[in-house]
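Fold and contact review
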2 protein chains.
Amino acid sequence: MEEKFIPDIVVGRLPVYLRALQQMARDGRTVTSSQELGERLGISAAQIRKDLSQFGEFGKQGTGYQIDYLVEQLRDILNVKQVWEVAVVGAGDIGNALARYQGFANRGFVVKMILDNNPELIGTAVGDFVVEDSASLVEKIRSAGIKVAMLAVPADQAQEVADKLIEANVGAILNYAPISLNVPNSIQVQYIDPVIHLQRMTYYLEQA
Amino acid sequence: MEEKFIPDIVVGRLPVYLRALQQMARDGRTVTSSQELGERLGISAAQIRKDLSQFGEFGKQGTGYQIDYLVEQLRDILNVKQVWEVAVVGAGDIGNALARYQGFANRGFVVKMILDNNPELIGTAVGDFVVEDSASLVEKIRSAGIKVAMLAVPADQAQEVADKLIEANVGAILNYAPISLNVPNSIQVQYIDPVIHLQRMTYYLEQA
């Protein structure tokens with residue numbers, strides 16, 4: 001792909017398009033349209049066409065999009081034709097669920113290790129993994145060449161662990177701890193905090 | 001609050017501001033500024049001032065924001081001065097983690113029940129709960145007056161369960177199933193799919 005500045009909000013919609021297109025492909029579909037995709041996703045067809053046009057010409061006027069082709073293009077754009085190995089830090093309930101999550105398969109990610117600093121958890125089995133000691137997190141992650149981490153430690157430990165992940169050359173952190181991290185601009189961070197999403201919805205609800 | 005159209009993207013930032021302000025309050029702080037908040041969150045001070053000004057005048061030029069006051073205002077705006085009871089549907093790993101999650105306390109939400117359709121899970125203990133049979137989901141949720149649900153069922157069951165939640169008068173669904181839901185415009189839906197966030201980050205990473 002040519003290097004071109006794409007607003008992050010557009011980038012953020014591409015995985016949603018990809019997920020829907022892959023679902024259509026699993027359903028045996030071969031062709032779709034921006035109208036159909038838009039109805040399925042609650043996004044306007046015009047928005048979808050505009051977003052995709054930033055990256056090239058993927059559909060022909062009147063004939064729609066070839067699903068398999070568009071899936072491959074989006075996988076290429078999002079760098080998920082390769083499989084990224086992921087480290088899960090924190091072996092509590094959330095880390096546990098992440099290490100055992102079946103939803104990463106075929107979407108570009110595979111959990112490679114799970115670490116914790118709790119002596120009672122180190123050495124225990126979580127899914128197909130044995131919990132490793134996070135005391136040697138930097139060495140383990142760096143030597144494995146892992147660039148993506150999911151952070152599922154308590155909020156008061158999250159910044160410290162994030163600093164170590166960056167020291168280990170991790171470039172992308174998915175943070176489940178309910179706290180904003182301070183990281184250099186070169187590091188990607190995304191947040192998953194259910195309360196943030198819930199509060200965004202209750203804004204629109206009638207008070208009970 | 002007066003009724004005024006606020007862009008959803010602004011609404012989406014308010015919970016992030018609230019979380020940071022509550023953290024500052026726990027740290028014993030009483031006053032902050034848009035500059036400090038911005039640095040902590042990686043958002044420009046101007047953006048924060050603009051967002052907050054949509055709802056009123058919360059700070060005085062030169063003296064910053066009273067943290068406790070701004071926290072209370074944001075809790076009011078987001079309708080989380082009340083505590084919302086939440087139903088968790090799906091008692092697999094994710095539902096389990098949600099039912100046991102300690103992060104809802106004091107943020108406006110309390111899990112009230114967890115349901116599943118798997119006979120092997122119904123009646124088992126999850127944290128402080130016993131998994132209930134989702135066959136009677138509509139009656140249970142409606143009679144409990146629950147308006148908020150977290151959906152943690154497999155993707156191929158998610159739409160059907162969402163339809164039942166809406167029938168039960170739920171107004172807000174936090175969907176952990178990796179699929180886009182079709183719901184009426186009056187229903188709030190937010191999505192948590194780690195792969196969506198991970199792919200948004202790998203877009204920016206160098207391929208390995």
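The following paragraphs examine the structure supplied in this document. (Residues numbered from 1 in each chain as written. Chains lettered and ligands numbered in written order. Predicted model: local features only at pLDDT ≥ 70, side-chain atom pairs only at ≥ 80, totals over all residues. Heavy atoms only, no water.)

What follows deals with the relation of the copies chain A and chain B. Rotating chain A by 180° about the axis while translating it 0.0 Å along that axis superimposes it on chain B, leaving an RMSD of 0.0 Å. Seen this way, the second copy is the image of the first under a two-fold rotation axis. Most of the interface of chain A is mirrored in chain B: 100% of its interface residues are interface residues there too. (Least-squares fit on C-alpha atoms with pLDDT ≥ 70 in both. Contact = heavy atoms within 4.5 Å.)

On to helix 7 (residues 155-167) of chain A. All names here are of chain A. Between its terminal C-alpha atoms helix 7 stretches 19 Å, which fits the 18 Å expected from 13 residues at 1.5 Å a residue. What helix 7 keeps buried is the set A158, V161, A162 and L165. Turning to helix 7, the residues buried within the fold contact strand 4 (84-89), helix 6 (137-144), strand 9 (148-151) and strand 10 (172-175). Taken from the residues just after helix 7, N169 is the one with a positive phi, measuring 75°. (Helix = DSSP H or I, 4+ residues; strand = E, 2+ residues; numbered from the N terminus. Expected span 1.5 Å × (residues − 1). Buried < 20%, exposed > 50% of the residue type's maximum accessible area, 1.4 Å probe, protein only.)

All names here are of chain A. Summarising burial for strand 5 (residues 109-116): 6 of the 8 residues are buried, a large majority. Inspection of the sheet shows strand 4 paired to strand 5 by 6 bridges, in the parallel sense. Residue pairing in the sheet places V88 in a bridge with I114 of strand 5. Bridging between strand 5 and strand 8 (residues 132-133) involves 2 bridges; their strand directions are parallel. Paired with D116 across the strands is D133, a residue of strand 8. (Pairing = 2+ DSSP bridges.)

Residues and elements named next belong to chain A. Mapped onto the elements of the fold, T32 is located in strand 1 (residues 31-32). A residue is classified by how much of its surface remains accessible, and T32, at 4% relative accessible area, is buried. Engagement of the side chain of T32 in a polar contact is seen with the side chain of E36, the distance being 2.3 Å. In contact with T32, not counting residues within four places along its chain, are L21, M24, L37, G64, Y65 and I67. (Polar contact = N/O pair within 3.5 Å; in protein donor to acceptor, adjacent residues only side chain to side chain.)

Turning our attention to the environment of B:G59. Residue and element names in this part refer to chain B. Considering the arrangement of structural elements, one finds G59 in strand 2 (residues 59-60). C-alpha separation for the pair G59 and G92, spaced 33 residues apart in sequence, amounts to 45 Å. For G59, the residues in contact, after removing those within four places along its chain, are G64 and Y65.

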